[in-house]
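Structural description and commentary
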Amino acid sequence: MLKTIGQQQGRRSWAEPWKIKMVEPLSITSRKKREKALKKAGYNTFLLKSKDVYIDLLTDSGTSAMSDRQWAGMMLGDESYAGSINFYHLEKAVRKYYSYKHLVPTHQGRGAEHLISQVQIKEGQIVPGNMYFTTTRLHQEMAGGKFVDVIIDEAHNVNSDHPFKGNIDIEKLEQLIETHGADKIAYVSLAGTVNMAGGQPVSMENIKAVKALCDKHGILLYLDATRLVENAWFIQKREDGYQDKSIKKILFEFCSYSDGAWMSGKKDHLVNIGGWVAVNDDKVFDKLRNLVVVYEGLHTYGGMAGRDMEAMAIGIKESVKDKHINARIGQVRYLGQLLEDWGIPIVKPVGGHAIFLDAKAFYPHIPQDQFPAQTLAANIYLDSGVRGMERGIVSAGRDPKTGDHRYPKLELMRLTIPRRVYTEAHMEVIAESVKAVYDAREEARGLKMVYEPEYLRFFQARFEPVS
Ligand SMILES: *Cc1c(COP(=O)(O)O)cnc(C)c1O
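Residues numbered from 1 in each chain as written. Predicted model: local features only at pLDDT ≥ 70, side-chain atom pairs only at ≥ 80, totals over all residues. Heavy atoms only, no water.

1. Quick notes on the packing of helix H9 (residues 228-238) against helix H10 (residues 247-256)
In plain terms, the rule: Axes, fitted as lines to C-alpha atoms, cover a helix only where it is in contact. Angles between the N-to-C directions of the axes lie from 0 to 180 degrees. Labels follow the DSSP assignment, with helices taken as runs of H or I lasting at least four residues and strands as runs of E lasting at least two, numbered in each case from the N terminus. Here roughly perpendicular refers to angles of 65 to 115 degrees, roughly parallel to angles under 35, roughly antiparallel to angles over 145, and oblique to all remaining angles. Whether two residues are in contact is decided by their heavy atoms: any pair within 4.5 Å suffices. Under the convention adopted here, Pro, Cys and the residues Ala, Val, Leu, Ile, Met, Phe, Trp and Tyr are nonpolar, Asp, Glu, Lys and Arg are charged, and Gly plus all remaining residues are polar.
Packing of H9 against H10 brings their axes to within 9 Å, and their N-to-C directions diverge by 110°. On the basis of the axis angle, H9 is roughly perpendicular to H10. Note on element contacts: H10 touches H9 through Ile247, Ile250, Leu251, Phe254 and Cys255, opposite Leu228, Val229, Asn231, Ala232, Trp233, Ile235 and Gln236. Here the residues of the contact of H9 with H10 sort into ten nonpolar, two polar and no charged.

2. Focus on the site of the ligand
To keep things clear, this is the line we draw: Only a single heavy atom is needed: when it lies within 4 Å of a molecule or strand, its residue is near that molecule or strand. N or O atoms closer than or at 3.5 Å make up a polar contact, with two conditions inside protein: a donor-capable atom paired with an acceptor-capable one, and, for residues adjacent in sequence, both atoms drawn from side chains. To be clear on the numbers: accessible area is Shrake-Rupley with a 1.4 Å probe, and residue cover counts the displayed protein chains and nothing else.
Taken together, 14 residues lie near the ligand, and Gln108, Arg110, Asp224, Ser264 and Lys267 sit nearest. Here an oxygen atom of the ligand sits 2.8 Å away from a polar atom, N or O, in the side chain of Arg110. One of the side-chain N or O atoms of Asp224 is found 2.7 Å from a nitrogen atom in the ligand. Here the ligand has 380 Å² of accessible area as a free molecule, and 95% of this is covered by the chains. Contributing elements (two or more residues each) for the shell around the ligand: helix H5 (109-120) and helix H6 (134-142). If you tally residues by element for the shell around the ligand, the top one is H5, at three residues. Here the shell around the ligand is composed, by residue class, of one nonpolar, seven polar and six charged.

3. Comments concerning the pattern of salt bridges
Opposite charge on two side chains allows them to pair when their charged atoms are near. Condition: Any Lys or Arg side-chain nitrogen located within 4 Å of an Asp or Glu carboxyl oxygen qualifies as a salt bridge. Note on classification: 1.4 Å probe, protein chains only; a residue is buried when its accessible area is under 20% of the maximum for its type, exposed when over 50%, partly exposed between these limits.
What the rule picks out here adds up to 25 salt bridges. With a closest N to O distance of 3.9 Å, Lys216 and Glu174 form a salt bridge. Note that Lys216 is positioned in helix H8 (residues 204-217) and Glu174 in helix H7 (residues 170-180), a separation of 42 residues in sequence. Residue classification places Lys216 among the exposed residues on the basis of a relative accessible area of 61%.

4. Some points on the side chain of Thr300
Here Thr300 lies in the loop between helix H11 (282-295) and helix H12 (306-319). Separated by 3.0 Å, the side chain of Thr300 and the backbone nitrogen of Gly83 make a polar contact.

5. Brief notes about the nonpolar core
Here is the rule we go by: Here, the term nonpolar core denotes a set of buried Ala, Val, Leu, Ile, Met, Phe, Trp, Tyr and Cys residues that are joined through side-chain atoms within 4.5 Å.
In terms of nonpolar packing, the biggest core is built from 59 residues, with Leu90, Tyr98, Leu223, Phe254 and Trp276 touching the most fellow members. Dropping the residues within four chain positions of it, Tyr98 is found in contact with Ala93, Ala225, Val229, Leu251, Cys255, Met263, His269, Trp276 and Ile316. Within the second largest apolar cluster, 34 residues are counted, among which are Tyr363, Tyr422, Ala431 and Val437.

6. Some remarks on the sheet that holds strand S9 (residues 389-391)
As a reminder of what qualifies: One bridge is not enough; two strands pair if DSSP finds at least two bridges between them.
Strand order in this open sheet of three strands is S8-S10-S9, and the pairing throughout is antiparallel. Only two strands of the sheet have a single partner each, and these edge strands are strand S8 (354-358) and S9. Adjacent strand axes in the sheet meet at a mean angle of 35°, parallel and antiparallel pairs treated alike.

7. Thoughts on helix H17 (residues 424-439)
Every α-helix carries 3.6 residues per turn, so stepping three or four residues along brings you back to the same face. Stated precisely, the cut-off is as follows: Helix span is expected to be 1.5 Å times the residue number reduced by one. What the arc describes is the spread of directions from the helix axis to the C-beta atoms.
Relative to the 22 Å expected for 16 residues at 1.5 Å per residue, H17 spans 23 Å between its end C-alpha atoms, a close match to the ideal helical length. Listed as buried for H17 are His426, Met427, Ile430, Ala431, Ser433, Val434, Val437 and Tyr438. For H17, the angular spread of buried residues about the axis comes to 160°, placing them on one side. If you follow the buried residues of H17, they end up packed against helix H13 (322-341), S8, helix H14 (359-362), helix H15 (372-384) and strand S10 (412-416).

Here it is, written out as structure tokens:
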């Protein structure tokens, strides 16, 4: 008898805790059309037109499906320039679920990163963090800081099955503080479910230890809260003492160990645009509120329309429901399970928002400076119209001092699952395409970069196949 994956694993299956009210047709293209489109896009999936894409796994950023409640909230937008009621709804939600006293809305996550970096980093200071994120590090560097990675070594090893690969290495952090002195540290920058490591979580025990060390030296601790709800799910599933605690409780406790956070609402919050920075300290808040009017907008909208703030406030409440997050991560793990069963090299354990294919293991014959992960993204698109993205040498950029490529240990290709958008049948189509590309791996050839932008090059770089 045919068994579902749930039955094979001796459990009952989960299902999405929603039903579909409105549908959006997908465009299904021919291989010939995709070849043309990819060439035109310089073999960079960021430069493809979405009409040429079938299943879009470029990112989970701003690609969520909003609920009927959120759409209803959009109609309640109070578009007053100052003091919009929707701002107060958002402020209340952030206080209630994320614990912070003061909220400054921004147009999206990087707007928040810009503000906090400008306010809290002095020229020449160090910002230790659990692996870099592209926009976060850039804003820290542009504010005169130097990012130093203090993530545990397991994070750089695709085969390590450490349950909390996003953890900070306390010894590395301690060493850094000892070497440079606490005055030289701007703050510790801790991200939940570390994106660049494959969506790997941080344990409660770890943030407590980081907090204790920071307190000992009078150093501030700020969170990248972008995917903290997903992080809370891993704590609930993997950390002793949290099995019976709700996602809401875990999220609140996690945040309570920090001095503030920045957020890309386009991820966990189930909206298409928006972000915020929130802190407890009155003086820091005052500085942030001052700066937001220069770059984003008045402190009660910060680059968001009233309706967007309302949708975000509602999205926050939906995002912390256990049923929601179980299904969201369940779908990612389902795709991971299919690929693992076929022996396809992926980052394990599977993270919260995406499957990361190990491009070095796919294409051992392609040297890293011929962009194996970029090549893999191109080949999967050619096979099926599924669009993913590179997270390897192109994303890592160049060392600002030497001008050389940074050669990251991880050369990954990311298949990111949007929230509440695709079904399990889509996951199967995706897995089958990855398998087809894996089976043809020996024929693959690398790429050369023919155009390179100065900042965040992965967005706009152009490539050609090597001859
Ligand atoms: C997306 C993201 C950001 C930046 O947010 P934007 O809304 O894209 O500007 C920051 N940190 C992490 C971990 C992210 O995933």
